[in-house]
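# Remarks on the overall topology
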Amino acid sequence: MTNSKKTVILAQVFISLMMAFLMSGIMSMIALGPTHLWLRVWPQQFLLAWPIAFCLSLVVSRLAFALSVRLTRG
């Protein structure tokens, strides 16, 4: 695996972690409100969301890069 491929995968780990953390927190707070129940549910939702987000990022990132290249070609 080349150094840049390792960097891309590591970036996907970090991006999926941050997005899953933030989105699970925001969406569960919208559903439950800022309550003690929300604080108990959020970590569970995050642990479920992160692996899903990572797997999806492996597929979606290729599509996103391909679309970006097409749209930015002069």
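Everything discussed here concerns the structure shown above.
Note that this is a predicted model, so its numbers are computed, not measured.

It is worth spelling out the side chain of Ser28 at this point. Positionally, Ser28 belongs in helix α1 (residues 3-32). Within polar-contact distance, the side chain of Ser28 engages the backbone oxygen of Ser24 at 2.6 Å. The contact partners of Ser28, leaving out residues within four places of it in the chain, are Gly33, Trp38 and Trp42.

To continue, consider the packing of aromatic side chains. Any two aromatic rings considered together are summarised by their centre-to-centre distance and by the angle between their planes. Applying the stated criterion across every chain, the model contains 4 aromatic pairs. Taking 4.9 Å as the distance between ring centres and 35° as the angle between the ring planes, the aromatic pair formed by Phe21 and Trp42 counts as tilted. Taken as a pair, Phe21 in helix α1 and Trp42 in helix α2 (residues 36-72) lie far apart in primary sequence, 21 residues in all. You can call Phe21 partly exposed: its relative accessible area is 41%. For Trp42, a relative accessible area of 18% gives the class buried. With centroids separated by 5.7 Å and ring planes inclined at 85°, the aromatic side chains of Phe21 and Phe46 adopt a geometry described as edge-to-face. Taken together, the positions of Phe21 in helix α1 and Phe46 in helix α2 put the pair 25 residues apart, joining distant regions of the chain. Assessed through its relative accessible area of 14%, Phe46 is described here as buried.

Quick notes on the rules
Residues numbered from 1 in each chain as written. Predicted model: local features only at pLDDT ≥ 70, side-chain atom pairs only at ≥ 80, totals over all residues. Heavy atoms only, no water. Helix = DSSP H or I, 4+ residues; strand = E, 2+ residues; numbered from the N terminus. Polar contact = N/O pair within 3.5 Å; in protein donor to acceptor, adjacent residues only side chain to side chain. Contact = heavy atoms within 4.5 Å. Phe/Tyr/Trp six-rings, centres within 6.5 Å; stacked < 30°, edge-to-face > 60°. Buried < 20%, exposed > 50% of the residue type's maximum accessible area, 1.4 Å probe, protein only.

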